[in-house]
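Here is how the chains run, residue by residue.
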Amino acid sequence: MMLGSGRYHGNPFSTHLRLPDLEPIMFGRWLALFGAACTEVFDPEVAGLLQKRAERISRSLRTGLFDRLPAPHEAASAKAAQC
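From a predicted model like this one, the values you see are computed outputs, not experimental measurements. (Residues numbered from 1 in each chain as written. Predicted model: local features only at pLDDT ≥ 70, side-chain atom pairs only at ≥ 80, totals over all residues. Heavy atoms only, no water.)

Asker: What exactly am I supposed to notice about a nonpolar patch on the surface here?
Answerer: A cluster of nonpolar side chains, Val-41, Phe-42 and Val-46, forms an exposed patch at the surface whose accessible area comes to about 250 Å². Within the secondary structure, Val-46 is located in helix α3 (residues 44–66). The exposure class assigned to Val-46 is partly exposed, which follows from its relative accessible area of 32%. (Patch = residues over 30% accessible without salt bridge, like charges linked within 9 Å, V, L, I, M, F, W, Y side chains within 5 Å. Areas by Shrake-Rupley, 256 points an atom, 1.4 Å probe, with all protein chains shown as cover. Salt bridge = Lys/Arg side-chain N within 4 Å of Asp/Glu carboxyl O. Helix = DSSP H or I, 4+ residues; strand = E, 2+ residues; numbered from the N terminus. Buried < 20%, exposed > 50% of the residue type's maximum accessible area, 1.4 Å probe, protein only.)

Asker: Sorry if this is basic, but what is going on with the packing of aromatic side chains here?
Answerer: For any pair of aromatic rings, geometry is given as the distance between the ring centres together with the angle between the planes. With the rule as written, the count across this model stands at two aromatic pairs. Summarising the aromatic geometry, the rings of Phe-27 and Phe-66 are spaced 6.2 Å apart at their centres and angled 80° between planes, so their arrangement reads as edge-to-face. A residue pair is termed long-range when its members are at least 10 positions apart, and Phe-27 in helix α2 (residues 25–41) and Phe-66 in helix α3 qualify at 39 residues. Overall, the relative accessible area of 6% leaves Phe-27 in the buried class. Exposure remark for Phe-66: the relative accessible area of 31% places this residue in the partly exposed category. Each ring, one from Trp-30 and one from Phe-34, has its centre 5.0 Å from the other, and the planes form 20°; the classification is stacked. One end of the pair, Trp-30, and the other, Phe-34, are both in helix α2, four residues apart, so they sit about a helical turn from each other. (Phe/Tyr/Trp six-rings, centres within 6.5 Å; stacked < 30°, edge-to-face > 60°.)

Written out as structure tokens, the structure reads:
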């Protein structure tokens, strides 16, 4: 996934959804650890590219897991209740 080869076919969203104690703050901690490892292992240009990709992935997972929008039928019900 990080290399963008298209060979990864897993489902990280479902995997994270099954973690019982996952909290949003954990994504920041993981990004910090990942960033430190990238800086240690790769030259600055490659480390920066990997960190940016990790940030996008993290943001997407965090949004999907914790900041989900209501389902269309829930949104319609809420709107109807306001009237």
